[in-house]
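Architecture at a glance
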Amino acid sequence: TGGLVGTMTTHSTISSSNNNGSIRGTDYTGGLVGKSDSATIQDSYNNSTITGTGSYTGGMAGAIVDNSVLTNTTLGNSNSSNSIYNAGTVNGQTFTGGLAGQSDHSTITGVYNRGTITGSASVCGVVCQLDHSNNIQQSFNQGSVTGGNDVGGIIGTSGNSTVGDSYNSATITANLSNSLNTGG
């Protein structure tokens, strides 16, 4: 379920777009796109509440996979109004992120989250589950993040991925007495 597109596939692009309406779905729920498969989302934003009752919920996309790109094309241009961000509240169950619930073989550059993120497990400010060969650069989180296990300011869980020049400046809360793997 997505604010603009349910599933984007090969060579599709969303550019300079936004969502200001509430979105509610089960699996793969995002402010702009439910699932991005070999597609590009650039210079766009979400400013509304996103609720996912299953897995993979994100402010921009539920999941970005197979060489998808989430990017700010004007990075470094302080005079530009273009950026890619989430300012809305994101509520999910597992794999709930400010920008995306899951990323697999994808690139994320120049994105940020300022919305409140809440979920049960694997909850984070940018992308929750980084599977194989992802690259996250120049990204940050300024929204509070609350969840059970695998709670992080940028990432919830990661495998064989790279994160650079990124930061978290918000409160991260693991709300279970037996919470594991919580990081800022």
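Our structure is the block above this text.
Heads up: these notes are all about the structure in this document. (Residues numbered from 1 in each chain as written. Predicted model: local features only at pLDDT ≥ 70, side-chain atom pairs only at ≥ 80, totals over all residues. Heavy atoms only, no water.)

Quick look at the environment of Asn-46
Let me state the cut-off plainly: Going along the chain from the N terminus, every DSSP run of H or I of four or more residues is numbered as a helix, and every run of E of two or more is numbered as a strand. When a residue's accessible area, from a 1.4 Å probe over protein chains only, is under 20% of the maximum for its type it is buried; when over 50% it is exposed; and in between it is partly exposed. Contacts are residue-level and defined by heavy atoms, with any inter-residue pair within 4.5 Å sufficient. As used in this structure description, the phrase polar contact means that two N or O atoms lie within 3.5 Å; if the pair is within protein, one of them must be able to donate a hydrogen and the other to accept it, and residues adjacent in sequence are counted only when both atoms belong to side chains.
As for its placement among the helices and strands, Asn-46 is situated in strand β8 (residues 45–46). The exposure class assigned to Asn-46 is buried, which follows from its relative accessible area of 0%. Every residue in contact with Asn-46, bar those within four places of it in the chain, is listed here: Asn-19, Gly-31, Gly-59, Met-60, Tyr-85, Asn-86, Ala-87 and Gly-88. Engagement of the side chain of Asn-46 in a polar contact is seen with the backbone oxygen of Ser-48, the distance being 3.0 Å.

Quick notes on the sheet that holds strand β26 (residues 155–158)
Rules: Being paired, for any two strands, means DSSP has found at least two bridges between them. Between N-to-C directions, angles span 0 to 180 degrees; the directions come from axes that are lines fitted to C-alpha atoms, helices contributing only their stretch in contact.
One open sheet holds the 6 strands; their spatial order is β1-β6-β11-β16-β21-β26, and the pairing between them is parallel. Both outer strands of the open sheet, β1 (5–8) and β26, are each paired with one neighbouring strand and no more. Averaged over all neighbouring strand pairs, the angle between strand axes comes to 10 degrees, with direction disregarded. In this structure, strand β16 (residues 100–104) lies alongside strand β21 (residues 127–130), joined through 3 bridges in parallel fashion. Considered in β21, the bridge of Ser-103 is made with Leu-130.

Points about the side chain of Gln-129
Examined against the element boundaries, Gln-129 turns out to sit in strand β21. Take Gln-129: its relative accessible area is 14%, and that puts it in the buried class.

Observations regarding the pairing of strand β6 (residues 33–37)
As paired elements, β1 and β6 share 3 bridges and run parallel to each other. The residue bridging Thr-7 from the neighbouring strand is Lys-35, located in β6. Of the strand pairs in this sheet, β6 and strand β11 (residues 61–65) are connected by 4 bridges, and their pairing is parallel. Among the inter-strand pairings, Asp-37 is bridged to a residue of β11, identified as Val-65.

Quick word on the packing of aromatic side chains
Put simply, the rule is: Here the aromatic set is Phe, Tyr and Trp, taking the six-membered ring for Trp, and pairing holds for ring centres within 6.5 Å; pairs whose planes are under 30 degrees apart are stacked, those over 60 apart are edge-to-face, and all others are tilted. Geometrically, a lysine NZ or arginine CZ counts as sitting over a ring once it is within 6 Å of the ring centre and also within 35 degrees of the ring normal.
Tallying each qualifying case throughout the model produces 6 aromatic pairs. Here Tyr-56 and Phe-95 contribute two aromatic rings whose centre-to-centre distance is 5.0 Å and whose plane-to-plane angle is 10 degrees, an arrangement assigned as stacked. Separated by 39 residues along the polypeptide, Tyr-56 in strand β10 (residues 55–58) and Phe-95 in strand β15 (residues 94–97) bring together distant segments of the chain. For the ring pair Phe-140 and Tyr-167, a centre distance of 5.0 Å and an interplane angle of 5 degrees mean the geometry is stacked. With Phe-140 in strand β23 (residues 140–141) and Tyr-167 in strand β28 (residues 167–168), this residue pair connects regions lying 27 residues apart in the sequence. Taken together, the ring pairs connect Tyr-45, Tyr-85, Tyr-112, Phe-140 and Tyr-167 into an aromatic cluster. Residue placement shows Lys-35 over the ring face of Tyr-28; its charged tip is 5.0 Å from the ring centre.

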